[in-house]
Amino acid sequence: MSAPSLALVTGASSGIGAVYARRLAARGHDLILVARRADRLNALAAALRRDHAVAVRTLPADLTAEGDIALVEQALRSEPIDILVNNAGIGPITPTADLSDADAAATLSLNVTALMRLTRAALPGMRARRQGTIVNVGSVMAFHAMPVTSLYSATKAFVLTYSRAIQQEVKDQGILVQAVLPAGTITDFYDTAGVPLAAFDQSAFMTAEQLVDAALVGMDRGEEVTLPSVHDAALWTAYDEARARLFGGTQNGAPAPRYQQA
Ligand SMILES: NC(=O)c1ccc[n+]([C@@H]2O[C@H](COP(=O)([O-])OP(=O)(O)OC[C@H]3O[C@@H](n4cnc5c(N)ncnc54)[C@H](OP(=O)(O)O)[C@@H]3O)[C@@H](O)[C@H]2O)c1
């Protein structure tokens, strides 16, 4: 009998990551759960072992700390991890000039550097085994710049662009890289960001369970960009086609006539 497939979920101590952990356990995957709050990870691990008879380990780690990122990279390099869910993320909601240096550095480190490093640690083994899935949790803010979320939107644009490029690199290697772009989702994210969830229009929010279940349907279909809240799928197609046309329009070796000096 082949060994059960192993999944590693970052940010598994709450919200979207905890739901990914529950759903993957229900599908029979063994799990490694990563986040800082070990007590929450341990409680979730015990519940998953009890409810789904899967093997669950916790790997408490601060993914903004060098030594801790290295521990998670080591797990990804040394174990046959089939599914990596890069979900841990934060998004301070503060005017750019008022954001503390520490919060700015942590946002960049978690949303960009950790996701990049864990993706790179996972890929060689997946390529050698010719199978694997990396789920990169971005945001619809990847294509929407707004006041007070400048850094967050920019980090999520990174997640989308990084994922889109790697998809092209691995398309013949049996690896799926899925960018999941949630819109408003009911989690602790907003309290952590400094603005209570109650301050937002609740009609634009779905539950973390709805979000993850939709994202898993996308994953099962091999979808590369999943927008669970977008009902009209043609919107993404039109957006991506416009992006490709714009890039095509940049490939000229001369300035456009409108930039000629008067
Ligand atoms: N909620 C939304 O409306 C929404 C919309 C679009 C995208 N997203 C994205 O969804 C992802 C999950 O967020 P969520 O909504 O589920 O929020 P959440 O409930 O606040 O979960 C965030 C997770 O990230 C972990 N985390 C935070 N800092 C960390 C660190 N330094 N090291 C390791 N883990 C850390 C947290 O665990 P510990 O505190 O225990 O470390 C927690 O498990 C994020 O990438 C977010 O950008 C959310």
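Residues numbered from 1 in each chain as written. Predicted model: local features only at pLDDT ≥ 70, side-chain atom pairs only at ≥ 80, totals over all residues. Heavy atoms only, no water.

Visitor: Is there a simple way to think about empty space enclosed by the protein in this case?
Guide: Empty pockets left among the atoms are what a rolling probe the size of a water molecule brings to light. In total, this model carries 2 cavities of 30 Å³ or more according to the counting rule given. The volume enclosed by the largest cavity comes to roughly 50 Å³. Along the walls of the largest cavity sit Pro92, Thr94, Thr96, Leu99, Val148, Thr149, Ser150, Leu151 and Tyr152, which together make up its complete lining. In terms of residue class, the lining of the largest cavity is built from 5 nonpolar, 4 polar and no charged. Counted as a void, the second largest cavity has a volume near 30 Å³. Surrounding the second largest cavity, Thr10, Leu63, Asn86, Asn87, Ala88, Leu110, Ala114, Leu115 and Leu118 form its lining. Ranked by residues supplied to the lining of the second largest cavity, first place goes to helix 4 (residues 101-129) with 4 residues. The residue inventory of the lining of the second largest cavity, partitioned by class, reads 6 nonpolar, 3 polar and no charged. (1 Å grid on protein atoms, 1.4 Å probe; cavity = no way out; pocket = protein on both sides within 12 Å on 5 of 7 lines; lining within 4 Å. Points joined across faces, edges and corners; volume = space filled by probe spheres on them. Nonpolar A, V, L, I, M, F, W, Y, C, P; charged D, E, K, R; others polar. Helix = DSSP H or I, 4+ residues; strand = E, 2+ residues; numbered from the N terminus.)

Visitor: Mind showing me how you'd approach the site of the ligand here?
Guide: The local shell around the ligand holds 30 residues, among which Arg36, Arg37, Tyr152, Thr187 and Tyr190 are the closest. At 3.0 Å, a side-chain N or O of lysine 156 approaches an oxygen atom of the ligand. Take threonine 185: an N or O atom from its main chain is 2.8 Å from an oxygen atom of the ligand. Protein burial of the ligand: of its 870 Å² of free accessible surface, 96% is covered by the chains. For the ligand, the cavity whose grid points lie within 2 Å of the majority of its atoms is the largest pocket. Taken together, the elements giving at least two residues each to the shell around the ligand come down to helix 1 (15-26), helix 5 (150-169) and helix 6 (189-193). The residue inventory of the shell around the ligand, partitioned by class, reads 13 nonpolar, 12 polar and 5 charged. (Near = heavy atom within 4 Å. Polar contact = N/O pair within 3.5 Å; in protein donor to acceptor, adjacent residues only side chain to side chain. Areas by Shrake-Rupley, 256 points an atom, 1.4 Å probe, with all protein chains shown as cover. Sits in = over half its atoms within 2 Å of the grid points.)

Visitor: For this particular structure, what's the right way to read the pairing of strand 3 (residues 56-60)?
Guide: Along any regular strand, the residues point their side chains to alternate faces of the sheet. In this structure, strand 2 (residues 30-35) lies alongside strand 3, joined through 5 bridges in parallel fashion. Following the sheet pairing, isoleucine 32 is matched in strand 3 by arginine 57. In the classification by handedness, the crossover that spans strand 2, the intervening helix 2 (residues 38-52) and the parallel strand 3 is right-handed. (Pairing = 2+ DSSP bridges. Right-handed = clockwise from strand over helix to strand, strands pointing away.)

Visitor: Would you mind showing me how to read the sheet that holds strand 9 (residues 225-226) here?
Guide: Where strands meet in a sheet, backbone hydrogen bonds hold them as pairs that are either parallel or antiparallel. A sheet is described by the order of its strands in space; here 7 strands give the open sequence 3-2-1-4-5-6-9, paired in parallel fashion. Taken across any chain shown, the strands that pair with only one partner, and hence form the sheet edges, are strand 3 and strand 9. Packing of helix 1 onto the sheet brings it into contact with strand 1 (6-10), strand 2, strand 4 (81-86), strand 5 (132-137) and strand 6 (175-180), and relative to strand 1 it is tilted by some 170°. (Contact = heavy atoms within 4.5 Å. Axes fitted to C-alpha atoms, helices over the stretch in contact; angles between N-to-C directions.)

Visitor: Hey, could you run me through the environment of aspartate 82 in this one?
Guide: With respect to the secondary-structure elements, aspartate 82 resides in strand 4. Put simply, aspartate 82 and isoleucine 175 are 93 residues apart on the chain and 9.4 Å apart in space, counted from C-alpha to C-alpha. Setting aside residues no more than four positions away along its own chain, aspartate 82 makes contact with Ser5, Leu6, Met126, Arg129, Gln131, Gly132 and Thr133. In terms of polar contacts, aspartate 82 uses its side chain to reach the side chain of serine 5, at 3.2 Å. A distance of 2.7 Å separates the side chain of aspartate 82 from the side chain of glutamine 131, its partner in a polar contact.

Visitor: So what exactly am I meant to see when it comes to the packing of helix 3 (residues 66-78) against helix 4 here?
Guide: The relative placement of two packed helices comes down to the angle between their axes together with the axis-to-axis distance. Relative to each other, helix 3 and helix 4 sit at 25°, their axes nearing to 8 Å. Comparing their axes, helix 4 and helix 3 come out roughly parallel. Helix-helix and strand crossings are classified by hand; for helix 3 and helix 4 the assignment is right-handed. Between helix 3 and helix 4, the contacting residues are Glu66, Ile69, Ala70, Val72, Glu73, Leu76 and Arg77 on the first element and Ala114, Arg117, Leu118, Ala121 and Ala122 on the second. When the residues that make up the contact of helix 3 with helix 4 are grouped by side-chain class, the tally is 8 nonpolar, no polar and 4 charged. (Parallel < 35°, antiparallel > 145°, perpendicular 65-115°, else oblique. Left-handed = near helix turned anticlockwise from the far one by under 90°.)

Nothing here speaks to function; it is all geometry.
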